[in-house]
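Coordinate analysis (summary)
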Amino acid sequence: MAVSLSSNAVKLYSPLTGQYLGECRGHSATVNHISFNVPSSPHILCSSSSDATIRFWDTRTFHQVSFINAGPSEEVFSFSFGGPADNLLAAGCKSQVVFWDWRTMKKAACLEESHMEDVTQVHFVPGHQNKLLSASVDGLMCLFDTSGDINEDDHLESVLNVGTSIGKVGFCGDSNQKIWCLTHIETLSVWDWKESIMEVNFEDARSLTSDRWTLGHVCIGLRCTSLCKYGQPTWILAWGRITYLLVEMTVDYFVDCYYSMDENRLWVIGGTNSGTLGYFPLYCKSSQGGASTIGSAEAVLLGGHAGTVRSILPMSRLSGRITQSQGIFGWTGGEDGRLCCWLSDEAFDSNRSFISSALVAKVQKNSRKSRHSPY
C-alpha cells in the first residue's frame, strides 16, 4: 500500500498489518497521483508530481528504475495506462493531455486544444481501453479515441460541459458507460458517456448529505460505540445504563465516490473538518420514473482522524490480496498525518448500515511503535 506525503515522499506499508516497509524519494514538488497499475509489472509503483515528472519505482528495493519528464514548467496531475495495445501512458498536465509509449518512453502525442486549464484527471475507460476520458479545471470532460495516430481533429469524440472546475471523476454502470463527477465546489453529477448526456446533477449535494446524516450516539462506560440505522437513532441497553445524545453532522467536503460492481450501486463519501466520514448511496431515477436523490449514510467512519481526510482505499480494490473474512473495511489518510485502518464485523452491503468504531491502527508518519503493533 503506497501513501504520498506532503514531504514529496511516497511511503509503503502492508495493508494487512500496517507495517512500514520503506519509502521512495525523488520528487521535488507535490506528488499528485500514485498507482500500482503498471501493465505486467506488479512490483512497480508509478507516481506523478508537480515537478513535471512521472517516476517508476521498484517496491522491492524502493529505488527509481525509470522516469519521464513532461517538459519545463509543466505539472503532471494525473496519469493512466491503456490504449488499444495497452502500450499508452496518458498524463494530464497544464491544459494538455500528453501520451507516451511506456515501453519505449517516447512521446506519442500531445493534445493542446481540448482544454484551456489544468487537466486534473485522465482515465482510460475500463473495458474500453481505446477510450480516454480527461477532465479539467475549465469544467470540461473530453472523450478521446486513442486508436492510430492520436490528434484532436480526428480523435476527439465528445465534450461534456460540467460548468465548473472538476476535481475527480470515475466510472460506474454495468459496462462502465457512466461517469460520476465531483467538482471543486462540492457538486456531484452522473453522465452517460456513450450518449453524451447528463443523467443526474446534485448541485446541492453537500446540503442533501448533511440533511441525511444524524447519528444516535451511545456512550457505555469508558467505551464509546456509535450506531446508525438508515439515518435513524438506535437505542442500546448495556449494563442497565443508557446515555443518548443526538449528534448532527455537516458534510464539509467530498473525498471520493465508491462503486460496487456486484451490486451496481454508487456511494458518495463525505467528510467533516473533524475527520468523520460517511458513505451516502445515490439513487438515480429509473426508466419507470421517480426522482433522483441521495440516501442516508449507510456507513460511517468515526473517531480515527482529527482533521480533513484526503484519501480512501477500500480493501475491495485490492483484488485477490485481501479477503472479506479478514474484516478490514479500508484505509484512510488525512491532513492530520494519520493513516487509519478500519475494521468491520459486517459486509458492506445494501441490507444494513453500520458505523465502524473498530479503528485498528493510527499510523503516525514518524511512529515506529505503531508500525510494529498496529492492532
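Everything quoted here is computed from the prediction, not taken from an experiment. (Residues numbered from 1 in each chain as written. Predicted model: local features only at pLDDT ≥ 70, side-chain atom pairs only at ≥ 80, totals over all residues. Heavy atoms only, no water.)

What follows is about the overall build of the protein. Broken down by element type, the protein carries three helices and 32 strands. Evaluated residue by residue, the protein yields a buried proportion of 55% over its 375 residues. Surface exposure of the protein reaches about 17200 Å², of which carbon and sulfur atoms provide 48%. (Helix = DSSP H or I, 4+ residues; strand = E, 2+ residues; numbered from the N terminus. Buried < 20%, exposed > 50% of the residue type's maximum accessible area, 1.4 Å probe, protein only. Areas by Shrake-Rupley, 256 points an atom, 1.4 Å probe, with all protein chains shown as cover.)

A word on the pattern of salt bridges. According to the stated counting rule, one finds 11 salt bridges in the structure shown. Of the charged contacts in the structure, one is a salt bridge between Arg-25 and Glu-23, with a shortest N-O distance of 2.3 Å. Using a relative accessible area of 24% as the deciding quantity, one classes Glu-23 as partly exposed. Within the structure, one salt-bridge network assembled from shared partners comprises Glu-263, Arg-265 and Glu-298. (Salt bridge = Lys/Arg side-chain N within 4 Å of Asp/Glu carboxyl O.)

Its place among the elements puts Thr-332 in strand β29 (residues 328–334). There is a polar contact of 2.7 Å between the side chain of Thr-332 and the side chain of His-305. Non-local contacts of Thr-332, meaning those with residues more than four positions away in its chain, are made with Leu-277, Leu-301, His-305, Val-309, Ser-311, Ile-312, Arg-338, Leu-339, Cys-340 and Trp-342. (Polar contact = N/O pair within 3.5 Å; in protein donor to acceptor, adjacent residues only side chain to side chain. Contact = heavy atoms within 4.5 Å.)

Turning our eyes to something else, we now look at the sheet that holds strand β11 (residues 106–111). Here we have four strands laid out as an open sheet, ordered β8-β9-β10-β11, and antiparallel in their pairing. Since the sheet does not close on itself, it has two edges, and those belong to β8 (78–82) and β11, each with one partner. Sheet twist, expressed as the average angle between the axes of neighbouring strands with direction ignored, equals 20°. Judged from the five bridges that link them, strand β10 (residues 97–101) and β11 form a sheet pairing that is antiparallel. Bridge assignment links Val-97 to a residue of β11, and that residue is Leu-111. (Pairing = 2+ DSSP bridges. Axes fitted to C-alpha atoms, helices over the stretch in contact; angles between N-to-C directions.)

Sheet topology note: the strand β2 (residues 10–13)/strand β3 (residues 20–24) ladder contains four bridges and is antiparallel. Bridge pairing in β3 places Leu-12 opposite Gly-22. What sits between the antiparallel neighbours β2 and β3 is a turn of six residues, in which Gly-18 has the positive phi angle 80°.

Glancing now at the sheet that holds strand β15 (residues 156–161). One open sheet holds the four strands; their spatial order is β12-β13-β14-β15, and the pairing between them is antiparallel. Strands with a single pairing partner mark the edges of an open sheet, and in this sheet they are β12 (119–125) and β15. Each neighbouring strand pair of the sheet contributes to a mean axis angle of 15°, computed without reference to strand direction. Alignment of strand β14 (residues 140–145) against β15, held across five bridges, turns out to be antiparallel. Note on β15: the bridge partner recorded for Cys-142 is Val-159.

What follows concerns the packing of aromatic side chains. A complete count under the given rule lists seven aromatic pairs for this structure. Considering the side-chain rings of Tyr-13 and Tyr-20, the 5.7 Å spacing of their centres and the 65° angle between planes classify their relative orientation as edge-to-face. Each member of the pair, Tyr-13 as well as Tyr-20, carries the same accessibility label: buried. Geometry around Phe-67 places Arg-55 over its ring, the cationic atom sitting 5.7 Å from the centre. (Phe/Tyr/Trp six-rings, centres within 6.5 Å; stacked < 30°, edge-to-face > 60°. Lys NZ or Arg CZ within 6 Å of the ring centre and 35° of its normal.)

This part takes up the nonpolar core. Counting 23 residues, the largest nonpolar core has Leu-188, Phe-202, Leu-266, Val-268 and Leu-282 as its most contacted members. Counting residues per element, the ones that place at least two in this core are β17 (178–183), β18 (188–192), β19 (197–202), α2 (205–211), β23 (253–260), β24 (265–271) and β25 (277–283). Looking at this core element by element, the count peaks at three residues for β23. The contacts of Val-268, once residues within four sequence positions are left out, are Leu-182, Leu-188, Thr-209, Phe-254, Asp-256, Cys-257, Gly-278, Tyr-279, Phe-280 and Leu-282. (Core = buried A, V, L, I, M, F, W, Y, C linked by side-chain atoms within 4.5 Å.)

Another point: the confidence of the model for the protein. Per-residue confidence for the protein averages 82 on the pLDDT scale, and 78% of its residues sit at or above 70. Confidence drops under a pLDDT of 50 for residues 320–325, and excluding neighbours within four residues, the segment shows five contacts in the predicted structure. (pLDDT = per-residue confidence, 0-100.)

Turning our eyes to something else, we now look at a negative patch on the surface. On the surface, Glu-112, Glu-113, Asp-153 and Asp-154 cluster together to form a negatively charged patch. Secondary-structure assignment places Glu-113 in the loop between β11 and β12. Here Glu-113 falls in the exposed class, since its relative accessible area comes to 63%. (Patch = residues over 30% accessible without salt bridge, like charges linked within 9 Å, V, L, I, M, F, W, Y side chains within 5 Å. Lys, Arg positive; Asp, Glu negative; His and termini not counted. Charge placed at Lys NZ, Arg CZ, Asp CG, Glu CD.)

Turning to the state of the cysteines, a few remarks are in order. Counting across every chain of the model gives zero disulfides. Of all cysteine sulfurs, the one in Cys-257 lies closest to Cys-181, which takes part in no disulfide; the gap is 9.2 Å. (Disulfide = S-S within 2.5 Å.)

This brings us to the pairing of β8. Within β8, five of the five residues are buried, which leaves the element mostly enclosed by the surrounding structure. Of the two faces of β8, the one carrying Ser-78, Ser-80 and Gly-82 and the one carrying Phe-79 and Phe-81 are both buried. Note that β8 and strand β9 (residues 88–92) share five bridges and pair antiparallel. Residue Ser-78 lies in a different strand from β9, and its bridge partner there is Gly-92. The turn joining β8 and β9, which pair antiparallel and follow one another in sequence, is formed by five residues; a positive phi near 100° is taken by Gly-83.

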